[in-house]
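# Overview (structure and organization)
Each chain, written out:
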Amino acid sequence: MNGAINPSFDEVHGAAGSDRPLLDVSNLHVHFRLGSRLVRAANGVSFQVRSGETLAILGESGSGKTVTMEAILGVLESPPGHVTNGRAIFAGQDLLSMPASERRRLCGRRIAMVFQDPMSSLNPVYTVGWQIAEMFRIHLGATRSAARREAIRLLKRVGIPDASERVNNYPHQFSGGMRQRVVLAMALAARPEVIIADEPTTALDVTVEAQILQLLKELQAVEGIGLLLITHSMGVVAEIADRVMVMYAGRVVETGTVNDIFARPKHFYTRGLLNSDVQIGRAGQQLTPIPGQPPDLARIPAGCAFHMRCPAASERCRSETPQLRTIRTRHLSACHHADQVV
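Our subject in this report is the structure included herewith. (Residues numbered from 1 in each chain as written. Predicted model: local features only at pLDDT ≥ 70, side-chain atom pairs only at ≥ 80, totals over all residues. Heavy atoms only, no water.)

### Quick notes on the pattern of salt bridges
For the structure on display, the rule yields 14 salt bridges. E53 is the salt-bridge partner of R243, the closest N and O atoms lying 2.7 Å from each other. Taken together, the residues R243 in strand β9 (residues 243-248) and E53 in the loop between β2 (37-49) and β3 (54-58) connect sequence positions 190 residues apart. Among the residues examined, E53 registers a relative accessible area of 9% and is labelled buried. If you follow the salt bridges from partner to partner, you end up with R37, D296 and R299 in one network. (Salt bridge = Lys/Arg side-chain N within 4 Å of Asp/Glu carboxyl O. Helix = DSSP H or I, 4+ residues; strand = E, 2+ residues; numbered from the N terminus. Buried < 20%, exposed > 50% of the residue type's maximum accessible area, 1.4 Å probe, protein only.)

Okay, structure coming up:
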């Protein structure tokens, strides 16, 4: 391979600054057939991510966050999971309709995934240097020596001390935070346009979490990467996100800027999430958990799926499914009583 292995982002993908989304997902439906049960895990999910933007996807466990991303990447367990409708346009192509082999090549190089547990991405029998270098060999055709040099460079970039020596270490020889940095290095190897990070800091202590979040922001600013951050942590959202998409029972129930969501939420579920999360700087704050549990996705109730847990539920909420409607520019809510949320 001649020349630099990693040319600039603009050289590879074109000049930045276009308002055209990097990833445009519309009306995505994902179902799982479990015996006689049909689990509707994603129900008409739509969103966009642009260059240099962080979209945080927020919601309780089972809200459809991770399965939405798995469907886009083509890593659903199929069967029983399958996409029944929708489009995911990336680089002018629909990821959901292209052959699996083509999607693997595209996603492997231009869309990267960072999982919650770094050991799910790292092979314990190979050194971290070998695993990072493999990305350069497979996707960029680098020689072994050039790939190794790039692996060391990336380890330095993500803050691994003594990178030229640690490149020979195995995953078990790193702490949890350092393993997550190694996974970030692997994700960056092919210079992706989009990174999907699924709870990347959940297993880390707060100090290491802050370091990883700062690293993600710095890398994103330099590379112009679009970041999809799946999380249930309001603190992480406040720290790193530009926009927020709130999901409940497989549907998008609210979306807006961080300021919209934190200062002016317009869905009672979003308000409940805020009230049940510790917010620094609010002296004497009382946490108010959301009563009840999310619904069984094989038996989603009629009307608004949140109505059984909502303090403002009306007869309309029990019978009519609310659709996303514009509250203000780029702030949408699927709540019949959005004007009552305070």
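### Topic: the side chain of T255
Mapped onto the elements of the fold, T255 is located in strand β10 (residues 251-257). Polar side-chain contacts of T255 include one of 3.1 Å to the backbone oxygen of V244. Leave out the neighbours within four places in its chain, and T255 touches R243, V244, M245, I261, R330, H331 and L332. (Polar contact = N/O pair within 3.5 Å; in protein donor to acceptor, adjacent residues only side chain to side chain. Contact = heavy atoms within 4.5 Å.)

### Some remarks on the sheet that holds strand β1 (residues 23-34)
Taken in spatial order, the four strands of this open sheet run β2-β1-β4-β5, and their pairing is antiparallel. Sheet topology places β2 and β5 (93-94) at the edges, where each strand pairs with a single neighbour. As judged from the 10 bridges shared by β1 and β2, these two strands associate in the antiparallel manner. In the sheet register, V30 faces β2, and the bridge partner there is A42. (Pairing = 2+ DSSP bridges.)

### Some details on helix α11 (residues 268-275)
For α11, a buried count of seven out of eight residues is recorded, marking the element as mostly surrounded by other parts of the structure. Within α11 the residues assigned to the buried category are F268, Y269, T270, R271, G272, L273 and L274.

### Observations regarding the packing of aromatic side chains
In this structure the tally under the stated criterion is four aromatic pairs. On the basis of an interplanar angle of 15° and a centroid distance of 4.2 Å, the ring pair of Y126 and W130 is categorised as stacked. Note that R137 overlies the ring of W130, its terminal NZ or CZ placed 5.0 Å from the centroid. If you follow R166 out to its NZ or CZ, it ends over the ring of F174, 4.1 Å from the centre. (Phe/Tyr/Trp six-rings, centres within 6.5 Å; stacked < 30°, edge-to-face > 60°. Lys NZ or Arg CZ within 6 Å of the ring centre and 35° of its normal.)

### Points about unusual backbone geometry
Backbone geometry at N27 places phi at a positive 55°, although glycine is not the residue there. Among the structural elements, N27 can be located in strand β1. Residues other than glycine seldom take positive phi values, yet E199 does so here, at roughly 50°. Examined against the element boundaries, E199 turns out to sit in the loop between β7 (194-198) and α8 (206-223).

### A word on the sheet that holds strand β8 (residues 226-231)
On the basis of which strands lie adjacent, the open sheet formed by eight strands has the order β6-β7-β8-β3-β9-β10-β12-β11 and mixed pairing. Each end of this open sheet is capped by a strand with a single partner; those strands are β6 (111-114) and β11 (325-328). When the angles between neighbouring strand axes are averaged without regard to direction, this sheet yields 20°. Judged from the four bridges that link them, β6 and β7 form a sheet pairing that is parallel. (Axes fitted to C-alpha atoms, helices over the stretch in contact; angles between N-to-C directions.)

### A look at helix α2 (residues 65-73)
Within α2, seven of the nine residues are buried, which leaves the element mostly enclosed by the surrounding structure. If you check which residues of α2 are buried, you get K65, V67, T68, M69, A71, I72 and L73. One or two positions beyond α2, positive phi appears at G74, with a value near 80°.

All quantities given are derived from atomic positions and should not be read as evidence of function.
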